[in-house]
Amino acid sequence: MAMSSREVVRRAIEFDYPDRLPLRFASMGINDTHGVKWNQIGVGDVTQRETLDEWGCTWVRSEVANMGQVKGHPLLDWNALASYRWPDGNAPAFYEGMEERFAGSDGKYVITGIFMLLFERMHALRGFENTLVDLRLQRREMEELADRIVEFNLTIMENTARRFPRQIHGFNFSDDWGTELATFINPSFWDDFFKPRYKRIFDAAHSYGWHVWMHSCGKINAIMESLVEIGVDLLNLQQPRVLGIEEVGRQFRGRVAFDSVCDIQHTLPFKDADEISAEARLLLTHWSTLAGGFILGDYGDGTAIGVGIEKKQVMFEAFLAADAERRSQSATM
């Protein structure tokens, strides 16, 4: 009997031999996962040119459909810290109607999460350049800021777990940590400041029985070992060419699971069907094992990266063909 979607995803993350490649591909109408989140305002109402999120950050977007960008930082002036109203993770409004979002989740792997978990929330509140400078020059204030954000996150996680025990399987979040060349800060400083704070969050997730899914853009190779050490279960990485497919595979294949696609900047927008298919095969070869370790996860909609449904179809079919081929070869060995 075929495995359920939930079991396929779990086994892929835990390297426990799923019977097929797990899929999160909404553009093809296929998804082995189901998202159930609290009432996080996040980027605000995307139909509006300017909105506030639950932290009081102002999001501004252009006439072109997009997520937007934080342009108003409530802690741009440190003097505002004394009067800043921190969001209350125990506020009932954050959880109203959440149980209804489980509809359609039967047999699927259920994911909850927090958008902009720590670093992204820090620079949304303080401003990006200020955050980088203050990590060195205003350590006490930055520690207070980071710890307040961590406490809020832990409260959201605790309330969610208490309301829905054993109903959630994964916890995902975003924190972009890299440029196209390297991490934003020195990896040793990352280990000193951020590693213990992420570990608190990861440990909490694991205590509730949740896998930890992390999304990060850029070349984050220098902090991946630290993330694995503190318990990240799955990395959502959508720029495999920037990271280095073979390089990442040599160091992390079989040690952490990946949720990925062909490169969203270098491959999908510009390469032909043969090159897309070749990269799909390369990713499965270097980032997964026969025991698991890879989930094919779509990236946004077609317009977001200038990729039509035709190219996505090519990529989708290439991954399935490559997965079927290696399973067939394994069965005959």
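These numbers were taken from a predicted model, which means no experiment stands behind them. (Residues numbered from 1 in each chain as written. Predicted model: local features only at pLDDT ≥ 70, side-chain atom pairs only at ≥ 80, totals over all residues. Heavy atoms only, no water.)

(A) A look at the overall build of the chain. The number of helices and strands found in the chain is 11 helices and 12 strands. Its C-alpha atoms give the chain principal-axis dimensions of about 65 × 40 × 40 Å. Every one of the 333 residues in the chain was classed for burial, and the buried ones make up 52%. For the chain, the proportion of contacts with a sequence separation of at least 24, taken over those separated by at least 6, is 71%. With an accessible surface of roughly 15,000 Å², the chain has 51% of that area assigned to carbon and sulfur atoms. Each charge sign in the chain was given a centre, from 36 positive and 48 negative side chains, and these centres are 2 Å apart. (Helix = DSSP H or I, 4+ residues; strand = E, 2+ residues; numbered from the N terminus. Buried < 20%, exposed > 50% of the residue type's maximum accessible area, 1.4 Å probe, protein only. Contact = heavy atoms within 4.5 Å. Areas by Shrake-Rupley, 256 points an atom, 1.4 Å probe, with all protein chains shown as cover. Lys, Arg positive; Asp, Glu negative; His and termini not counted. Charge placed at Lys NZ, Arg CZ, Asp CG, Glu CD.)

(B) Here's a closer look at the pattern of salt bridges. The final tally for this structure, using the stated rule, is 23 salt bridges. With a shortest N-O distance of 2.8 Å, glutamate 225 and arginine 255 are connected by a salt bridge. In this pair, glutamate 225 is assigned in helix H7 (residues 221–229) and arginine 255 in the loop between helix H9 (245–252) and strand E11 (257–260), connecting sequence segments 30 residues apart. Classification of glutamate 225 as partly exposed rests on a relative accessible area of 23%. The network of salt bridges with common partners includes Glu7, Arg10, Arg11, Glu14 and Asp16. (Salt bridge = Lys/Arg side-chain N within 4 Å of Asp/Glu carboxyl O.)

(C) Region of interest: the packing of helix H2 (residues 119–126) against helix H4 (residues 139–163). Put simply, H2 and H4 touch, their axes get as near as 10 Å, and they point 120 degrees apart. It follows from the interaxial angle that H2 and H4 lie oblique. Note that H2 runs across H4; the crossing there is right-handed. Residues Arg121, Met122, Leu125 and Arg126 of H2 pack against Met142, Leu145, Ala146 and Ile149 of H4. Counted by class, the contact of H2 with H4 contains 6 nonpolar, no polar and 2 charged residues. (Axes fitted to C-alpha atoms, helices over the stretch in contact; angles between N-to-C directions. Parallel < 35°, antiparallel > 145°, perpendicular 65-115°, else oblique. Left-handed = near helix turned anticlockwise from the far one by under 90°. Nonpolar A, V, L, I, M, F, W, Y, C, P; charged D, E, K, R; others polar.)

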